[in-house]
Amino acid sequence: MKKHPLPLPTRELVATWSRPQQSLSKVIRWKKYVKRGSRPQDTLQHSYSFALFALCLFPRLRAYVSFDETLILKAVLLHDIGEGEINADMLYIDKSHNGDVAECAAFLNRFGNSFGEEGREAFLLQFATKAAHMAHYQDELYHLLGRRQVESLVFEAIERFDYLLYALEQWIERKKVKILVQVLRNQVPHFDRLCLKLPGFREELWTSDLEKWSHDFLSVHHGKWVEQKGEK
């Protein structure tokens, strides 16, 4: 090794290529449901399925709105790499501004400009609407939101509906009701908001039929399993 030192840029490239494969597979998502029989899903699996979902959705949204598909796909692939660095995933209800800052800093400290300025923009897209709570990145995030508001909405739509897809899978394949009740309760208000802000979201994802089915489903379980922050 001493006689044949590998050029530093190549060593750094190997590390960038390798680390997420190892770190993301160690982060288990949906833990409080997995311990009750839901399918284990790690962040590497999530990132891949998230990207596939985005690719399914892009052609369907094109008829309603114009957006930078490449940027969003990059955002999807990069968005949770910070989880591998802090070795933790926060469920939607447990997310916090401090947690967002920690995840953001972990990604940028580890990977810097490994993915270029475009990669930095793509990673930060997920935090664009949270600028007021992320002082160190505030100006950059406000600027990003001003230029990429539609892309921010599309990313949010994919992320939130991905939560529902996982919950629906558990209900369909494992008869897990609680997770679907809790995910729907939390996400329905966001789906309603996205219907107003993102053209095509109502037509392609939160359809009238699915909305009615979801409200009927929730009414049957009214008052059950009221979700709390930090519950295990």
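Below: a short report on this structure.

Conventions and cut-offs
- Residues numbered from 1 in each chain as written.
- Predicted model: local features only at pLDDT ≥ 70, side-chain atom pairs only at ≥ 80, totals over all residues.
- Heavy atoms only, no water.
- Helix = DSSP H or I, 4+ residues; strand = E, 2+ residues; numbered from the N terminus.
- Buried < 20%, exposed > 50% of the residue type's maximum accessible area, 1.4 Å probe, protein only.
- Polar contact = N/O pair within 3.5 Å; in protein donor to acceptor, adjacent residues only side chain to side chain.
- Contact = heavy atoms within 4.5 Å.
- Expected span 1.5 Å × (residues − 1).
- Salt bridge = Lys/Arg side-chain N within 4 Å of Asp/Glu carboxyl O.

## Some thoughts on the side chain of Gln182
Next up, step 1: One can find Gln182 in helix α10 (residues 177-197).
Next up, step 2: For Gln182, a relative accessible area of 2% puts it in the buried group.
Next up, step 3: A distance of 2.4 Å separates polar atoms of two side chains, one belonging to Gln182 and the other to Tyr33.
Next up, step 4: Engagement of the side chain of Gln182 in a polar contact is seen with the backbone oxygen of Trp225, the distance being 2.9 Å.
Next up, step 5: If we skip the residues at most four places from it in the chain, Gln182 touches Lys32, Tyr33, Tyr92, Trp225, Val226, Glu227 and Glu231.

## Describing the side chain of Gln187
Next up, step 1: Tracing the sequence through the fold places Gln187 in helix α10.
Next up, step 2: Gln187 gets classed as buried once you look at its relative accessible area, which sits at 0%.
Next up, step 3: Once you skip the residues sitting within four places of it in the chain, Gln187 turns out to touch Tyr92, Arg160 and Tyr163.

## Regarding α10
Next up, step 1: Over its 21 residues, α10 runs 30 Å from end to end, which matches the ideal 30 Å to within 8%, given 1.5 Å per residue.
Next up, step 2: What α10 keeps buried is the set Ile179, Leu180, Val181, Gln182, Val183, Leu184, Gln187, Val188, Phe191, Leu194 and Cys195.
Next up, step 3: The secondary structure elements touched by the buried residues of α10 are α2 (31-34), α9 (149-174), α11 (201-204) and α12 (208-220).

## Brief notes about the pattern of salt bridges
Next up, step 1: Inspection of the entire model under this criterion finds 21 salt bridges.
Next up, step 2: Arg29 is the partner of Asp80 in a salt bridge, and the nearest nitrogen-oxygen pair spans 3.5 Å. With Asp80 in the loop between α4 (69-78) and α5 (81-86) and Arg29 in strand β1 (residues 28-29), this residue pair connects regions lying 51 residues apart in the sequence.
Next up, step 3: For Arg29, a relative accessible area of 5% translates into the label buried.

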